[in-house]
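A structural walkthrough
Spelled out from the first residue to the last, the chains are:
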Amino acid sequence: MTTLQTYEIHGDVALITIDSPPVNALGYDVRKAIVDGFEKAAGDSGVNAIVLTCKGRTFFAGADIREFGTTQKSPVLPEVISTIESSPKLTIAAMHGTPLGGGLETALACHYRIALPTTRVGLPEVHLGLLPGAGGTQKLPRLTSVEAALDIITSGRQVKSEEALSLGILDKVCSSEDLVKEALGYANDLVADNAPRVLVRERNDKLAEHKGSAEIFNTFRSKNARRFRGFLAKENITKAIQAAVELPFEEGLMRERELFMELMESRASAAQRHVFFAERETIKIPDIPKTTPVRAIDSVGIVGAGTMGGGIAMNFLSAGIPVTMLEQKQEALDHGISVIQKNYQRSVKSGRMSEAALESCMSLITPSLDYADFSTVDLVIEAVFETMEIKKAVFSSLDAVVKDGCILASNTSYLDINEIATSTSRPQDVIGLHFFSPANIMPLLEVVRGEKSDLEVINTGMRLAKTIRKTPVLSRVGWGFIANRVMKFRSLQADSLVLQGINPETIDKVIYDYGFAMGPIAMKDLVGLDVIGRGSTELTVDSELVSMDRLGQKKNGGYYDYDENRQRTLSPIAMDLIKEVAAKKGVKQITADEDEILARLLYPVINEGAKVLDEGIALRSSDIDIACIKGYNWPVYQGGPMFWANTVGLDNVLNKLREFEQQYGDAFTPSPYLEKLVAEGKEF
Ligand code: CAA
């Protein structure tokens with residue numbers, strides 16, 4: 001018997017409690033403890049029912065992801081499930097927190113399931129590029145319906161107790177907070193009523209209507225084709241649920257296992273597991289101990305009610321934090337606030353937000369034309385024009401009015417936080433909080449630490465991210481910080497390839513096929529060519545298109561022409577312009593296949609990532625991956641640029657960069673850090 005399990009007898013009910021912090025993941029010790037408990041109860045003649053529950057923050061949150069890729073010791077999860085299913089006693093899972101993945105599969109082995117109202121169940125394996133490999137795909141459709149199982153397992157979403165009860169995943173929701181007491185009472189009632197021992201595996205009623213017809217699966221596939229692109233797991237989940245309908249239970253299980261193993265060995269799943277841990281790693285900063293205080297942020301000031309300021313404000317309003325918004329002119333202020341209202345109204349229209357929630361968010365805004373209104377706020381974020389002089393003037397005005405301990409943050413994308421901090425008397429309270437556009441949607445928050453930023457201030461910035469549902473990545477000061485800096489190199493290469501005669505459509509296709517939602521040229525048209533080239537005097541295709549008033553999607557088309565449904569076709573005008581600009585600049589024309597184009601576009605990103613690491617701008621390569629995934633939608637199943645580089649082989653990346661350097665010059669000169677890693681046979 002292991003110490004992480006307690007076994008208690010309450011009348012004729014055995015209560016098995018597992019306690020394995022932080023989330024009762026189903027590692028070897030936990031699996032063994034469950035089996036020990038069930039075997040003990042099976043041999044206990046005084047026991048008629050078994051309640052399985054967990055201590056701590058949650059019922060089993062799934063398999064122990066750290067064990068993936070290793071040979072697991074017996075009892076493996078299917079053995080645990082089979083032990084529970086073959087128990088001669090009545091079995092009840094009593095759940096709280098987030099019973100996910102293997103955790104929910106364990107509960108599905110029991111005859112009955114009871115949970116607290118706050119419990120959220122789910123099969124989130126899809127987020128790890130996997131499918132539920134211990135019967136989940138065979139049992140959920142049997143319990144709920146094929147439609148519900150397709151939705152829940154391919155989305156990986158968490159289902160709240162109330163919905164889980166209505167879907168049949170739960171049999172009972174507690175009416176109090178005392179889960180154990182209610183579960184024991186429920187067990188007594190079931191025993192007294194001589195309740196049937198319902199094994200989900202034996203139920204077939206919900207499957208009958210789809211037997212012999214693939215229609216529901218084909219419709220589901222075609223409806224989601226675009227969203228599911230590149231995600232092998234979603235296709236395999238659909239296949240496994242189809243097997244649940246078509247095959248007897250045991251054969252369905254075998255099919256599920258085959259499809260699971262295919263995913264487990266896939267590069268996509270390795271990438272997604274890397275991302276799972278990388279996301280949780282960003283918050284860990286070597287010189288900031290866990291005990292470092294966090295300042296309370298109960299009110300926020302925002303300077304600038306433009307697109308960025310408004311988007312930033314929405315994050316706080318949605319989290320219930322009051323925001324004072326400052327502008328120079330009443331008109332700009334009114335406009336900014338009306339845009340926020342319109343954005344929320346769009347959410348209400350699409351059913352993602354209630355009218356009451358909209359009202360409550362809007363009521364948290366205090367409009368202001370006077371810096372003095374910031375005198376009591378805990379944090380001010382500046383989101384004004386990207387000019388050092390203006391930023392310094394703003395920070396100096398802030399310094400004069402804010403209270404002691406107020407954090408002063410700049411949303412600058414490129415400027416030096418240390419220099420901005422010199423315009424205040426409190427550089428220790430100054431940091432960068434860099435949001436990505438659209439700021440209310442993109443999940444990345446780069447927290448920029450200045451040379452003098454206090455550890456407490458940095459820590460507060462990092463922790464604040466969770467409150468506003470962002471992923472924080474720490475950066476030191478340097479041009480473009482992390483995401484913008486490395487991704488810039490993809491844009492530069494896209495422009496260069498266009499001038500060298502590579503068809504813009506091919507460039508967009510290569511990036512789309514890699515997994516991005518859109519290629520870099522189509523993206524320029526979307527953002528607006530006037531916005532992209534602002535301030536530059538260089539002769540470029542962009543500047544020539546702008547001079548012809550071709551601004552992109554918003555006006556007259558850009559590289560592409562757009563029809564009334566925004567379908568694009570490459571513009572002959574743009575193609576002529578490209579040739580003209582290339583001729584004027586004397587650019588040599590080349591041909592390249594798609595692999596070569598991909599390498600040209602993305603290896604420079606990796607190379608710049610190596611420099612960012614070498615300079616200490618980013619703490620770790622996985623932080624660069626997260627910055628690109630959360631800030632630029634780098635396809636999660638590629639794992640981010642640095643993880644992807646490891647899978648390509650750093651020596652291959654280096655050799656190609658050297659080749660490009662020979663052909664096209666020093667834009668491709670390999671980072672000495674990359675050379676060092678290759679020489680030492682290491683990876684990022
Ligand atoms: N295995 C190993 N470690 C896990 C884990 C798991 N399944 N789930 C969470 N952890 C760890 C985290 O890495 C983190 O560790 P550190 O503190 O050392 O960073 C710690 O538990 C706490 O996690 P969070 O910071 O994420 O805490 P949270 O309260 O915000 O969220 C949670 C809790 C909802 C359970 C979230 O951690 C989560 O979604 N976990 C993954 C759940 C999952 O995917 N389960 C399915 C696993 S696959 C499976 O079960 C396949 C199968 O059928 C065989």
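Since the structure is predicted, the reported quantities are computational estimates derived from the model, not experimental observations. (Residues numbered from 1 in each chain as written. Predicted model: local features only at pLDDT ≥ 70, side-chain atom pairs only at ≥ 80, totals over all residues. Heavy atoms only, no water.)

Section: the environment of Ala-313
Examined against the element boundaries, Ala-313 turns out to sit in helix H13 (residues 307-318). Separated by twelve residues in the primary sequence, Ala-313 and Met-325 have C-alpha atoms spaced 8.0 Å apart. If near-sequence neighbours (up to four positions away) are discounted, Ala-313 is found in contact with Ile-302, Val-323, Met-325 and Ile-340. (Helix = DSSP H or I, 4+ residues; strand = E, 2+ residues; numbered from the N terminus. Contact = heavy atoms within 4.5 Å.)

Focus on the nonpolar core
Grouped together as the largest cluster of nonpolar side chains are 67 residues, with contacts concentrated most on Ile-18, Ile-34, Leu-52 and Phe-60. By size, the runner-up hydrophobic cluster in this structure holds 65 residues, among which are Tyr-560, Ala-627, Ala-645 and Leu-677. (Core = buried A, V, L, I, M, F, W, Y, C linked by side-chain atoms within 4.5 Å. Buried < 20%, exposed > 50% of the residue type's maximum accessible area, 1.4 Å probe, protein only.)

So, the packing of aromatic side chains
Throughout the structure, instances matching the rule amount to 17 aromatic pairs. Where Tyr-112 meets Tyr-186, the ring centres are 6.2 Å apart and the plane angle is 85°; that geometry is what we call edge-to-face. Pair noted here: Tyr-112 is in strand S5 (residues 112-115) and Tyr-186 is in helix H7 (residues 179-192), with a separation of 74 residues, a long-range link. Ring centres 5.6 Å apart and planes at 65° place the aromatic pair Phe-220 and Phe-228 in the edge-to-face group. For Phe-220, a relative accessible area of 14% gives the class buried. Residue Phe-228 is classed as buried on the basis of its relative accessible area of 12%. Feature note: the residues Tyr-514, Phe-516, Tyr-603, Trp-634 and Trp-644 constitute an aromatic cluster, connected by ring pairs. Directly above the aromatic system of Tyr-512 lies the positively charged group of Arg-229, at a separation of 3.5 Å from the ring centroid. Cation over ring: Lys-234 sits above Phe-231, and NZ or CZ is 5.5 Å from the ring centre. (Phe/Tyr/Trp six-rings, centres within 6.5 Å; stacked < 30°, edge-to-face > 60°. Lys NZ or Arg CZ within 6 Å of the ring centre and 35° of its normal.)

Considering a nonpolar patch on the surface
Taken together, the side chains of Met-523, Leu-526, Val-527, Val-531 and Ile-532 define a hydrophobic patch exposed on the protein surface, amounting to about 360 Å² of accessible area. Of all elements in the fold, only helix H21 (520-527) and helix H22 (529-532) reach the threshold of two or more residues within the nonpolar patch. Per-element accounting of the nonpolar patch gives the leading share, three residues, to H21. Inspection of the secondary structure puts Val-531 in helix H22. (Patch = residues over 30% accessible without salt bridge, like charges linked within 9 Å, V, L, I, M, F, W, Y side chains within 5 Å. Areas by Shrake-Rupley, 256 points an atom, 1.4 Å probe, with all protein chains shown as cover. Salt bridge = Lys/Arg side-chain N within 4 Å of Asp/Glu carboxyl O.)

Overview of the pairing of S5
The two faces of S5 match: Tyr-112 and Ile-114 on one face and Arg-113 and Ala-115 on the other face are all buried. Here strand S4 (residues 90-95) pairs with S5 via four bridges, running parallel. When the sheet's bridge partners are listed, Ala-93 is paired in S5 with Arg-113. Handedness of the crossover is the feature at issue here: the chain leaves S4, passes through helix H3 (residues 102-108), returns alongside S5, and the resulting connection is right-handed. As defined by bridge partners, S5 adjoins strand S8 (residues 172-173) across two bridges and the pair is classed as parallel. Note on S8: the bridge partner recorded for Ala-115 is Val-173. (Pairing = 2+ DSSP bridges. Right-handed = clockwise from strand over helix to strand, strands pointing away.)

Notes on the packing of helix H20 (residues 504-514) against H21
Where H20 contacts H21, the axes come no closer than 7 Å and their chain directions differ by 100°. Viewed along their axes, H20 and H21 adopt a mutual orientation that is roughly perpendicular. Across from Pro-504, Ile-507, Asp-508 and Ile-511 in H20, the residues of H21 making contact are Pro-520, Ile-521 and Ala-522. A breakdown of the residues in the contact of H20 with H21 according to their chemical character gives six nonpolar, no polar and one charged. (Axes fitted to C-alpha atoms, helices over the stretch in contact; angles between N-to-C directions. Parallel < 35°, antiparallel > 145°, perpendicular 65-115°, else oblique. Nonpolar A, V, L, I, M, F, W, Y, C, P; charged D, E, K, R; others polar.)

A word on the pattern of salt bridges
Under the counting rule described, the total for this entry stands at 36 salt bridges. Between Asp-429 and Arg-295 there is a salt bridge, with the nearest N and O atoms lying 3.0 Å from each other. Note that Asp-429 is positioned in the loop between helix H17 (417-421) and strand S14 (430-435) and Arg-295 in the loop between helix H12 (267-281) and strand S9 (300-303), a separation of 134 residues in sequence. Using a relative accessible area of 5% as the deciding quantity, one classes Asp-429 as buried. Between Asp-530 and Lys-554 there is a salt bridge, with its nearest N and O atoms 3.1 Å apart. Note that Asp-530 is positioned in helix H22 and Lys-554 in the loop between helix H23 (541-547) and strand S17 (560-562), a separation of 24 residues in sequence.

Looking at the sheet that holds strand S10 (residues 323-326)
Spatially, the eight strands line up as an open sheet ordered S11-S10-S9-S12-S13-S14-S15-S16, and their pairing is mixed. The two strands at the open ends of the sheet, each matched to only one other strand, are strand S11 (365-368) and strand S16 (471-476). Along the sheet, successive strands turn relative to each other by an average axial angle of 25°, direction set aside. For S10 and S11, the ladder comprises four bridges, and the chain directions are parallel. Bridge pairing in S11 links Met-325 to Pro-367.

Some details on the site of the ligand
Lining the immediate environment of the ligand, one finds 25 residues, of which Arg-57, Ala-63, Gly-102, Glu-105 and Arg-280 sit closest. Here a nitrogen atom of the ligand and a backbone polar atom of Ala-61 are 2.9 Å apart. Arg-280 has a polar side-chain atom sitting 2.8 Å from an oxygen atom of the ligand. Across the complex, the protein chains shield 78% of the 990 Å² of accessible surface that the ligand would expose by itself. (Near = heavy atom within 4 Å. Polar contact = N/O pair within 3.5 Å; in protein donor to acceptor, adjacent residues only side chain to side chain.)

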